[in-house]
Amino acid sequence: MGISRRDLLRWGMIVGGGLVIPDGLRSSLARASDLPSSPPTVPFLLELKPGQGIPPVAKKVTPFNTQADPGVCVNVDGSTAFHVSPPRVVPDNTEFFLIHQKPLSHSFHPQLPNNILWGYDGMIPGPTILAKSGTPQLVRFVNDLPVNDPVGIGEPISAIHRHGGFQAPEDDGYPLDTFCTGQSRDYFFPNKQPAGLLQNEHSTNWYHDHSIDATAQNVYRGLSGFYPYTNSLDTGDEGTGLRLPSNFYNGKSVGPFDIGLVFQDRQFNREGYLVYNTFDHDGFIGDKFCVNGLIQPYLRVQRRKYRFRFLNGSNARVYQFFLSTGQPFIAISTDSNLLPHPVSVESVHIAPAERVDVVIDFRNYQNHSEVFLVNRLQQTESRKPSGLVSPGTPILKFLVEGVDPVEDPSQVPSTLLPITEGPAQLLQQVKVQRRFKADRSNGAWTINNQLFDENRISARPRRGEPEIWIIESGGGWVHPFHVHLNEFFVLSRDGKTPPPLERGRKDTILFGGDTAREIKILVKFEEYTGRYVFHCHNVEHEDMRMMGQFQVEP
Ligand code: C2O
Ligand code: CU
């Protein structure tokens, strides 16, 4: 009666090796939150350092042929794969990359056995792909994931989405544009300013798996990485542009003073192996806190300014970070874009897929001081966080080293990236208002009472015409709402002005629960036409079809 493999997957009835579990078993299986706690681990044993949690920057490869028809190809590294992308011509200045998705043996913590994870180029997080505004990139991803994987977490299908990226529909990781083991696909990233506006320059994107029905498991198993940019202001060099803390000074390597930190919760069984319940579609909440794949690591820092790109890469958990010393964070960027001005905040609230770049100055701490990044937002179920607790859980220890402050040429200027076209300019042009209501029905997750259907388009915005979208929560759950293609402005939360870190551009925004019953956002889609998705970034909700499509019309 037309039940596809995808239907089975969606309802969690396929686990590793394609075994089908009868429906009646579903209710008797425990939720992740009911599982016994993970084994104890001593915090701050593992050092976060280049090669251990701080991934290398992906290396360019010799340009390869992108004009051949789909078929078996030999890659520049000698590997072969069945290439599925249609032929295409790319600009002459395009940089080329070749990334294999493959298993790796990973140590989350010295007290746990190694786990077999899946990583881009066999790394957790994946290699950092660094974009330069104005220089296009073509990334060929090869799927080398095992077909019969004994662990049972993840499906060896791939679609890669550069989250926050401005790219054509065919390069956006559309969830049904998947490719399988032994296949490869090219993604072309133009790295240009949407609408040619300086305010739209990007700073921090990330890339992750976006396969239909399998995103949550595949991301949990390890498939994500950073995709930062440099541009004329945020140059990646402390001697030029805004002179934000960087890894370079006048072209010379001095860092790492600009470090991506991805926060992910995980859960382990008594033997120390990763667990994941494919029958739980509410959203995974684990009891171990990882930073860049290491449980509660520490980071040596010098007495100077650092830029940290915080990314909540968790499936469903929300965090609120404080520094143990009470020092505020200087927030400089939210999601893809620098803020107009730096904002000093006591804490950083961050929902799945959100990014917040902060600067922390360690100049005034004594040699050997220990400063902890503490999560004080308690969350034991995926419905919503239960509120702030004290003292909370230290997630990362900064170990300050140096008898004296070091020379620090970096700055945080008072103007970062001004907004020249914001709600003030756009609101009077709005002709269309749409409403989306997020809800739950029969254990599945809906938008306007509908499950995702690739044959249905929920909205047809016109290119370049701003619209107001009202996103409403039907129940007590929080949902991080994400829109592909362009950033939006948050106009209000339950009619009120949003908090300071939601007044820049955003591509993901948390609503529902205690945050707001209804949010109003201002969207505007530029340049590309075609089909894109919007969805809940609680990735279990996303896989359970809390996703819709919009088609940008010319
Ligand atoms: Cu981070 Cu549609 O994804
Ligand atoms: Cu949701």
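The shown structure was predicted, so the numbers you read here are calculated from the model rather than taken from an experiment.

1. A word on the overall build of the chain
In step 1: Helix and strand content of the chain: four helices and 40 strands.
In step 2: Computed over its C-alpha atoms, the radius of gyration of the chain comes to 22 Å, within 12% of the 24 Å expected for a compact globule of 554 residues.
In step 3: In terms of principal-axis extent, the alpha carbons of the chain reach across some 70 × 55 × 55 Å.
In step 4: Taken across its 554 residues, the chain has 60% of its residues classed as buried.
In step 5: For the chain, the share of sequence-separated contacts (at least 6 apart) that also reach a separation of at least 24 residues comes to 76%.
In step 6: Accessible surface, the chain as shown: approximately 20,400 Å² in total, 51% of it carbon and sulfur.
In step 7: Distance between charge centroids for the chain: 2 Å, based on 53 positive and 59 negative side chains.

2. Side note on the confidence of the model for the chain
In step 1: Averaged over all residues, the pLDDT of the chain is 93; the fraction at 70 or higher stands at 94%.
In step 2: In the model, residues 11-32 has pLDDT below 50 throughout and makes 38 contacts with residues more than four positions away in sequence or in other chains.

3. Side note on the pairing of strand β29 (residues 370-378)
In step 1: Here strand β24 (residues 319-323) runs beside β29; their pairing, made up of three bridges, is antiparallel. Bridge pairing in β29 places Phe-322 opposite Val-374.
In step 2: Examined bridge by bridge, β29 and strand β30 (residues 387-401) share eight bridges and lie antiparallel to one another. Along β30, the bridge assignment pairs Leu-373 with Leu-396.

4. Details of the coordination of the copper ion (ligand 2)
In step 1: Only His-479 (ND1), Cys-536 (SG) and His-541 (ND1) from the protein reach the copper ion (ligand 2) as donors, at distances of 2.0 to 2.1 Å.
In step 2: Between consecutive donors of the copper ion (ligand 2), the numbers of intervening residues give the motif H-x56-C-x4-H. Of this pair, His-479 sits in strand β34 (residues 478-483) while His-541 sits in helix α4 (residues 539-543), placing them 62 residues apart in sequence.
In step 3: Classification of His-479 by relative accessible area gives buried; the value is 3%.

5. So, the pairing of strand β20 (residues 288-291)
In step 1: Covered by surrounding structure in β20 are Lys-288 and Cys-290 together with Phe-289 and Val-291, the residues of both alternating faces.
In step 2: Note that strand β19 (residues 258-266) and β20 share four bridges and pair antiparallel. Bridge assignment links Gln-264 to a residue of β20, and that residue is Cys-290.
In step 3: Pairing geometry for β20 and strand β21 (residues 294-295), over two bridges, is antiparallel.

6. Digging into the pattern of salt bridges
In step 1: What the rule picks out here adds up to 35 salt bridges.
In step 2: The salt bridge partner of Asp-282 is Arg-440, with a shortest N-O separation of 3.0 Å. With a gap of 158 residues between them, Asp-282 in the loop between β19 and β20 and Arg-440 in strand β31 (residues 432-441) connect regions that are remote in the sequence.
In step 3: Note on Arg-440: relative accessible area 35%, which makes it partly exposed.
In step 4: For Lys-524, the salt bridge goes to Glu-526, with nearest N and O atoms at 3.0 Å.
In step 5: Here the salt bridges do not stand alone but share partners, grouping Asp-234, Asp-258, Arg-307, Arg-309 and Asp-357 into one network.

7. Comments concerning the state of the cysteines
In step 1: Under the criterion given, the structure shown has zero disulfides.
In step 2: The thiol of Cys-73 is not disulfide-bonded; the next cysteine sulfur, from Cys-180, is found 15 Å away.
In step 3: A residue is classified by how much of its surface remains accessible, and Cys-180, at 35% relative accessible area, is partly exposed.

Conventions and cut-offs
- Residue positions are given per chain, counting from 1 as you read along its sequence in written order.
- Numbering of ligands from 1 and lettering of chains from A proceed in the order in which they are written.
- Owing to the predicted nature of the model, reporting of local features is limited to residues with pLDDT of at least 70; listing and counting of side-chain atom pairs is limited to 80 or more, with chain, interface and lining totals taken over all residues.
- Only heavy atoms go into the side-chain values, all of them from the structure, while hydrogens and water stay out.
- What counts as a helix is a DSSP run of H or I of at least four residues, what counts as a strand is a run of E of at least two, and both are numbered from the N terminus.
- Radius of gyration here is computed from C-alpha atoms only, and the compact-globule reference equals 2.2 Å multiplied by the residue count raised to the power 0.38.
- The cut-offs for exposure are 20% and 50% of the maximum accessible area for each residue type, with area from a 1.4 Å probe on protein chains only; residues under the lower value are buried, those over the upper are exposed, and the others partly exposed.
- Note on definitions: a residue-residue contact is assigned when non-hydrogen atoms from the two residues lie within 4.5 Å.
- What sets the accessible areas is the Shrake-Rupley method with a 1.4 Å probe; for residues, cover comes only from the shown protein chains.
- Positive residues here are Lys and Arg, negative ones are Asp and Glu, while His and the chain termini are left out of the count.
- To locate a charge, take NZ of a lysine, CZ of an arginine, CG of an aspartate or CD of a glutamate.
- pLDDT measures how confident the predictor is about each residue, on a scale from 0 to 100.
- Paired strands, in this sense, are two strands between which DSSP finds at least two bridges.
- Donor atoms (N, O, S) are those found within 2.8 Å of the metal centre, with the cutoff raised to 3.2 Å for Na, K and Ca; water is not part of the atom list, so apparent gaps in a site can occur.
- What counts as a salt bridge is simple: a side-chain nitrogen of Lys or Arg found within 4 Å of a carboxyl oxygen of Asp or Glu.
- We call a pair of cysteine sulfur atoms a disulfide when they lie within 2.5 Å.

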